[in-house]
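# Understanding the architecture of this molecule
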Amino acid sequence: MMNSNMEFKSLFDFLGKAAGRELGLEVAKAALTEGILVTTKNVSNRQYKGEIKMYPVYWLEAYFDTGATPSTEILYNEPDDLLL
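Everything in this summary refers to the structure shown in the same document. Please read these numbers as outputs of a predicted model, since none were measured by experiment.

### Overview of the overall build of the protein
When you go through the protein residue by residue, the secondary structure sums to three helices and three strands. Along the protein, helices (α) and strands (β) appear in the sequence β-α-α-β-β-α when read from the amino end. The buried share among the 84 residues of the protein stands at 35%. Pairs at least 24 apart in sequence give 70% of the contacts found in the protein among residues at least 6 apart. Carbon and sulfur atoms make up 48% of the accessible area of the protein, which totals about 5,500 Å².

Right, dumping it as structure tokens:
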């Protein structure tokens, strides 16, 4: 499912807060296993500077089984947890 209008979001943007290292790794591995297109972007703010992964919103919604709003426990809330 790839088109030029596909919306991508980071886990931070999708969840509304830092996902944490463990959840980030879990999501990245699942995307890789399922052959999901993952893009990256560079961010720079007071808490984090570097590259972050971006996932298709349709896939994040299915992964978190939400349809719109994620229902997952945030595992960490540290700036370096945005690496994935």
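### Let's talk about the nonpolar core
Most often, soluble globular proteins have nonpolar side chains that are buried together. Counting 14 residues, the largest nonpolar core has L11, L15, V27, Y55, W59, L60 and F64 as the members making the most contacts within it. Mapped onto this core, the elements with two or more residues apiece are helix 1 (11–15), helix 2 (21–34) and helix 3 (57–63). Ranked by residues supplied to this core, first place goes to helix 2 with five residues. Counting residues in each nonpolar core, the second largest holds six residues, with M6, V43, Y48 and I52 among its members.

### Regarding the sheet that holds strand 1 (residues 8–9)
In spatial order, the strands read 1-3-2; together these three strands make up an open sheet with antiparallel pairing. Of all strands in the sheet, those bounded by a partner on one side alone are strand 1 and strand 2 (39–44).

### So, the environment of A28
Within the element layout of this structure, A28 appears in helix 2. Note on A28: relative accessible area 17%, which makes it buried. C-alpha separation for the pair A28 and K53, spaced 25 residues apart in sequence, amounts to 8.3 Å. Once you skip the residues sitting within four places of it in the chain, A28 turns out to touch K53 and Y55.

Here is what the cut-offs are and how they apply
Residues numbered from 1 in each chain as written. Predicted model: local features only at pLDDT ≥ 70, side-chain atom pairs only at ≥ 80, totals over all residues. Heavy atoms only, no water. Helix = DSSP H or I, 4+ residues; strand = E, 2+ residues; numbered from the N terminus. Buried < 20%, exposed > 50% of the residue type's maximum accessible area, 1.4 Å probe, protein only. Contact = heavy atoms within 4.5 Å. Areas by Shrake-Rupley, 256 points an atom, 1.4 Å probe, with all protein chains shown as cover. Core = buried A, V, L, I, M, F, W, Y, C linked by side-chain atoms within 4.5 Å. Pairing = 2+ DSSP bridges.

Geometric values such as these leave the question of function open.
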